[in-house]
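Commentary on secondary and tertiary structure
Here's the letter readout for the chains.
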Amino acid sequence: MAFQINRTLLLGTAPLALAIACAAPAYAQDAAQAAAPAADQAAAPADEQIDTSTDDIIVVGTAGGGTRRQDAAFAVTSINAEDISRLAPSSTADLLHSVPGVSAESSGGQNGANIFVRGFPSGGDAEFVTLQSSGVPIFPPPTLSFLENTQLFRIDDTIARVEAVRGGTGALFSSGQPGLTVNFVQREGSQTAKGSVRISATDFGEVRGDAWVSGPLGANTTAMIGGYYAQSNGIRDPQFRAEKGGQITANIRHDFGQGSLLVYGRYLNDHGQWLLPVPIAQNGSSLSDFPGFDAQTGVLAGRETRFSTINTGRVVDLADGRGAKIFNGGVNFDYEIADGLKIRERASYMKGSADTVGLVPAGAPMTAAAFAAGYTLANSPTATIGSLTYVDGGGAVSGSTQVIQAGVWEVRKQIESFVNDLSLEFKSGDNTLTVGGYFAAYSSDDRWNLGNGQLLTAEEHGRRLNLTLADGRQATRAGFVQGATFNVNAQYDGRDYAAYAVDEYQITPELRIDGGIRWQRHTVTGRLENNTFGVDTDSNPNTLYNNGTAVLNGTFSALPTPTGDYRGSKLSWTAGVNYDFSSQIGAFARYSRGNSFPFFDALRDGVTIAPRVDSYELGLKVSTPLVSAYATLFHNDFTGLAVSRIINDLPVTSIGGARTTGIEFEGSIRPFQGFSIDLGATYLDSKYRNFFTSIDVSGLQVQRQPKWQWRVTPTYEHDFGGAKAAVFTTLSYIGDRFSDPENKQVLPKYYKLDAGVSLTVSEKIKLQVTGDNLTNRIGLTEGNPRIIGAQGAGTILARPILGRSFRFSVGYSF
């Protein structure tokens with residue numbers, strides 16, 4: 001008998017026993033046995049566990065082996081394969097828009113996302129987000145400079161579902177993340193051969209193919225293999241192939257009498273354009289295109305700037321973009337040693353490269369004459385233009401031409417990690433005790449070259465300019481106005497050791513309590529080559545383009561800590577209670593203390609503080625055939641938080657605290673057969689406390705996170721004989737935010753409308769059309785993060801969401 005769940009329900013998160021680390025598909029058997037009347041019910045593979053034929057809500061991987069969602073004392077969300085298909089996310093981070101309490105910015109392209117959780121202060125990337133594959137962290141540091149972990153994973157048709165836990169028990173399990181933990185659950189094989197092939201194309205020229213196939217290898221052994229390949233220039237077309245690559249995933253599972261073994265591997269080789277702020281005309285909350293620059297589709301890069309020979313002589317190709325070339329493999333092993341005693345082992349290895357290359361604007365456009373005036377010497381007349389010409393083709397350029405400075409930034413990272421999580425579960429009557437140990441070893445070898453500013457026309461596909469001042473000083477070399485301003489040559493190694501114990505006790509059929517503790521030891525060593533700043537590389541003060549250059553000087557230092565490395569230990573703990581008023585209504589309360597340790601880049605900049613988060617949660621859960629509703633009231637106190645930004649091409653770190661009170665809501669209304677309305681909303685009152693940047697920002701709104709955001713998704717499905725049609729749309733709202741901690745760069749509120757239609761014929765052929773940002777709205781997700789304070793009125797630098805696009809797909813299932 002197959003284990004089935006509702007397609008909208010949340011799977012695979014664990015409140016205590018092993019949390020997400022135990023949420024791999026192998027635990028479907030535990031949940032099936034908890035939900036089924038037959039004790040020997042067999043587990044279905046992950047791709048068979050999604051079904052709409054039952055209203056049961058199962059959370060896989062709890063300490064007791066499985067429970068309905070309203071029995072879970074924490075906030076969880078799950079998105080299954082069908083919902084992923086309808087959302088048609090443009091990137092891995094784009095999918096997380098549908099998770100309450102999460103602010104995900106996918107305007108940076110397929111990579112380079114910024115993800116914020118429940119008001120946790122952060123300067124960008126995904127500092128409080130852990131990504132897992134099959135219940136194991138992909139790369140233990142949640143964020144390094146120029147690397148957030150969605151860069152290391154792509155959504156494709158081999159994914160059965162995506163699970164997310166906010167706060168709650170996350171501080172105890174896996175890597176001990178107190179923010180958001182996201183687990184990608186792979187499809188697996190079954191005793192019936194099956195699979196699918198899907199081809200999709202977009203109106204901006206992307207062509208993509210997805211496929212997977214699975215089936216038996218023996219009576220107790222199954223396998224799955226699949227992946228995708230795609231290429232395009234991107235919505236923001238830089239006039240060259242900017243998006244290209246694919247991913248392949250395979251797994252084999254063997255079930256034996258008292259347990260199972262899952263072995264999996266994944267190879268990713270994919271890169272996309274790193275999308276950065278562009279010129280925008282802003283008048284208060286009103287936004288419009290900067291003349292000559294389409295806010296929805298425009299990009300500064302083009303054929304002329306694709307290849308650059310920086311001052312060191314190195315040729316940099318912008319088509320390298322941002323992406324990863326990695327292998328990730330792992331093992332999940334489960335075995336029942338004796339009645340009431342189970343051992344669970346999770347191990348993962350990852351190795352490869354994660355690079356970032358982009359054209360980074362330094363400031364808003366200005367006239368060429370104003371740019372030249374910036375070279376005025378003390379006690380001298382205002383500097384003026386002697387000559388201004390195009391690098392490519394020559395030709396004079398007027399001093400009234402709008403120009404912009406943008407730097408060629410190159411960041412290369414070689415990364416590697418090994419993660420192991422081993423636990424024992426002891427079950428006696430209504431009590432379940434889990435004890436375990438966690439170990440992670442990881443490294444990053446970094447090579448950075450930042451700065452390398454070029455003078456460009458402020459238009460789409462900007463052209464390089466050569467500038468000579470009237471006094472004879474040469475401001476540019478082939479368009480370059482500067483060399484490197486900051487370099488990194490560093491090797492970092494980290495180790496984490498953790499032990500945890502949790503206990504869950506079902507006091508009465510209605511009342512359950514749980515509690516747990518985690519001890520973690522964090523160590524980091526590093527070796528850094530030193531910069532010499534302000535070098536004139538040709539000793540000629542009149543060649544301005546190579547004055548003030550940062551140069552690696554061949555000397556090395558350890559991390560700038562008192563002992564030359566970092567060693568720290570912290571305790572995290574949680575306690576929760578869940579009460580079921582009936583089979584359809586329940587409530588929970590939870591307190592958690594979590595910690596986050598400083599990783600490589602923070603330690604390089606001398607930041608050794610370990611942030612602490614105290615979280616309080618109250619949840620209400622309702623599940624009926626008509627309505628499903630889940631609301632969580634939460635309060636977080638943060639101390640010792642560090643926000644890092646790169647200002648004027650140099651890292652700047654601010655430290656302080658914050659306090660957040662908020663409400664998350666998600667639910668579904670099903671008034672009649674075939675029609676449903678899904679809702680999700682988050683309210684945040686999140687403010688800095690005792691926090692200093694260039695000023696005291698205490699009491700100001702935490703940057704980049706709105707007070708209000710919500711989504712409404714009505715869906716109508718109808719059967720027409722052998723065909724099934726569905727119409728779905730999503731209206732989302734993002735409230736006012738500030739791009740900077742000082743609350744000087746306003747990001748106005750905006751609405752976004754998406755929609756789609758699908759038609760399934762004979763349960764084999766599926767046609768689908770989805771439209772994104774149908775109103776072609778200009779919605780900003782960041783201003784200019786590389787300056788402190790306001791940008792001024794009129795023309796600013798900001799990063800808008802992507803413009804209107806359509807995706808067409810046809811798939812065949814067998």
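Rules and cut-offs
- Residues numbered from 1 in each chain as written.
- Predicted model: local features only at pLDDT ≥ 70, side-chain atom pairs only at ≥ 80, totals over all residues.
- Heavy atoms only, no water.
- Salt bridge = Lys/Arg side-chain N within 4 Å of Asp/Glu carboxyl O.
- Helix = DSSP H or I, 4+ residues; strand = E, 2+ residues; numbered from the N terminus.
- pLDDT = per-residue confidence, 0-100.
- Contact = heavy atoms within 4.5 Å.
- Phe/Tyr/Trp six-rings, centres within 6.5 Å; stacked < 30°, edge-to-face > 60°.
- Buried < 20%, exposed > 50% of the residue type's maximum accessible area, 1.4 Å probe, protein only.
- Lys NZ or Arg CZ within 6 Å of the ring centre and 35° of its normal.
- Pairing = 2+ DSSP bridges.
- Axes fitted to C-alpha atoms, helices over the stretch in contact; angles between N-to-C directions.

Focus: the pattern of salt bridges
This model, assessed by the stated rule, comprises 40 salt bridges. Linking R604 and D601 is a salt bridge whose minimum nitrogen-to-oxygen distance equals 2.7 Å. One end of the pair, R604, and the other, D601, are both in helix α6 (residues 600–604), three residues apart, so they sit about a helical turn from each other. Between D637 and R659 there is a salt bridge; the shortest N-O distance is 2.8 Å. With D637 in strand β35 (residues 627–647) and R659 in strand β36 (residues 650–672), this residue pair connects regions lying 22 residues apart in the sequence. It is possible to trace a salt-bridge network through shared partners that takes in E82, R86, E717, K724 and K766.

Looking at the confidence of the model for the protein chain
Confidence along the protein chain averages 88 in pLDDT terms, with 90% of residues attaining 70 or more. With pLDDT under 50 throughout, residues 1–66 is counted as low confidence; its partners more than four residues away or in other chains account for 203 contacts.

Notes on the packing of aromatic side chains
Tallied over the full model, the rule gives 25 aromatic pairs. Taken together, a centroid distance of 5.1 Å and an interplanar angle of 75° make the contact between Y579 and F581 edge-to-face. A relative accessible area of 57% places F581 in the exposed class. Ring-pair connections join several aromatic residues into one group, and the members of that group are F146, W274, W409, W448 and F486. Against the face of W274 rests R322, its NZ or CZ located 5.5 Å from the ring centre.

Some points on the sheet that holds strand β44 (residues 780–782)
The four strands lie next to each other as β18-β17-β45-β44, forming an open sheet whose pairing is antiparallel. Lying at the two open borders of the sheet, with one neighbouring strand each, are β18 (286–289) and β44. Shown here is a sheet whose adjacent strand axes are inclined to one another by a mean of 60°, direction ignored.

Some points on the environment of I115
The residue I115 is located in strand β5 (residues 114–117) in this model. Remark: the alpha-carbon pair of I115 and L96, spanning 19 residues in sequence, is separated by 8.5 Å. Setting aside chain neighbours within four positions, we find I115 in contact with A93, L96, V102, S103, A104, D125, A126, V129 and T150.

Examining the sheet that holds strand β7 (residues 136–137)
Read from one edge of the open sheet, five strands run β3-β10-β11-β6-β7, paired in mixed fashion. The open sheet has two free edges, formed respectively by β3 (75–80) and β7, since each of these has just one partner strand. Both strand β10 (residues 159–166) and strand β11 (residues 180–186) contribute to a ladder of seven bridges, which runs antiparallel. Residue pairing for β11: R166 is matched across the bridge by L180.

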